[in-house]
Amino acid sequence: MSEPNPYADDAYKWGPPQQPANPPTVADGQGYGYPAGGPPAYGYPQPLPESAAQQGPGYGYPGPEQQPTMGANFPVPQQGYGGGPMLSIGDIAVMNDSVVTPSGTMPLKGAVWTATDMSRTEEKIPTVAIVLAIIFALLCLVGLLFLLMKEKKTTGFVQVTVTSGGRHHSTMIPARDVNTFPMVMAQVNTARSMSV
């Protein structure tokens, strides 16, 4: 421990013997990544070769001679208000003039909408209240007040069905709380008013 750093002389002492390194030579006006006397090389945009001098559409875009034509089997997209759905209920999307479902597209005019509440709400005393009532029962029956605590839990689904144009589709929306069915009914009533 007489020397503060035994490797302070910066001499390489481990491994096979090494040749002394020479610093790279740099020409005047040349920087990292740029060759001397020319445009930037690797990693920079290159000029187009003579064979590619003609201009064309960008990558991924077909030229005017390669545009697809609308055939009899190619569906023509409907033009609506921005092309997006006006209303969405589960996996049912209501467009400007149609109802789009996974089972197919139906006409919006004359569609019949049905909503069924298949949810239930349970009210019970939580486990924490029972434990606290037992612990505090020794203090002048104050612990019995914990039994007044109630917990509401809603489970189940709301089923929405649409029928139109000889097609039928049904979707199930999970009921998260007691307000789920009124919210879905408001959406169904909006869809009914659009179907008239």
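Owing to the predicted nature of the structure, the values given are computational and were not obtained by experimental measurement. (Residues numbered from 1 in each chain as written. Predicted model: local features only at pLDDT ≥ 70, side-chain atom pairs only at ≥ 80, totals over all residues. Heavy atoms only, no water.)

Asks: I'd like a rundown of the confidence of the model for the chain, residues and numbers included.
Replies: For the chain, mean pLDDT is 76; residues scoring 70 or higher make up 58% of the total. Across the chain, element-level confidence peaks in strand β7 (residues 167–174) with a mean pLDDT of 94 and bottoms out in helix α1 (residues 127–135) with 88. Here residues 70–74 is modelled with pLDDT under 50, and outside its nearest four sequence neighbours on either side it reaches zero contacts, counting other chains as well. (pLDDT = per-residue confidence, 0-100. Helix = DSSP H or I, 4+ residues; strand = E, 2+ residues; numbered from the N terminus. Contact = heavy atoms within 4.5 Å.)

Asks: Any chance you could break down the pairing of strand β3 (residues 98–101) for me, citing the residues and the numbers?
Replies: Regular strands place side chains that alternate from one sheet face to the opposite one. Inspection of the sheet shows strand β2 (residues 92–94) paired to β3 by two bridges, in the antiparallel sense. The residue of β3 that forms the bridge with valine 94 is valine 99. Hairpin connection from β2 to β3: three residues lie between these consecutive antiparallel strands. Two strands pair when backbone bridges link them, and β3 and strand β4 (residues 104–107) are joined in this way by four bridges, in the antiparallel orientation. Directly across from threonine 101, in β4, lies its bridge partner glycine 104. Counting the residues that bridge the hairpin from β3 to β4 gives two residues. (Pairing = 2+ DSSP bridges.)

Asks: Can you tell me about the pairing of strand β6 (residues 151–164), naming the residues and giving the values?
Replies: Pairing of strand β5 (residues 112–124) with β6 involves 13 bridges; the strand directions are antiparallel. Across the sheet, valine 112 pairs through a bridge with threonine 163, a residue of β6. Pairing of β6 with β7, which is carried by eight bridges, proceeds in the antiparallel orientation. Within the sheet, the bridge partner assigned to threonine 161 lies in β7 and is serine 170. Linking β6 back to β7 in an antiparallel pair, the connection comprises two residues, with glycine 165 at a positive phi of about 60°.

Asks: Go over the sheet that holds β3 with me, naming the residues and quoting the values.
Replies: The strand order across the open sheet formed by four strands is β1-β2-β3-β4, and the pairing between neighbours is antiparallel. Each end of this open sheet is capped by a strand with a single partner; those strands are β1 (87–89) and β4. Averaged over all adjacent pairs, the angle separating strand axes in this sheet is 20°, with direction ignored. With respect to the sheet, helix α2 (residues 180–195) is in contact with β1 and β2, its orientation differing from that of β1 by roughly 130°. (Axes fitted to C-alpha atoms, helices over the stretch in contact; angles between N-to-C directions.)

Asks: How would you explain the side chain of serine 98 if you had to name every residue and give the values?
Replies: Relative to the helices and strands, serine 98 resides in strand β3. Of the residues examined, serine 98 reaches a relative accessible area of 12% and is grouped as buried. Ignoring any residue separated from it by four or fewer positions in sequence, one finds serine 98 in contact with Ala93, Thr105, Met106, Pro107 and Leu108. (Buried < 20%, exposed > 50% of the residue type's maximum accessible area, 1.4 Å probe, protein only.)

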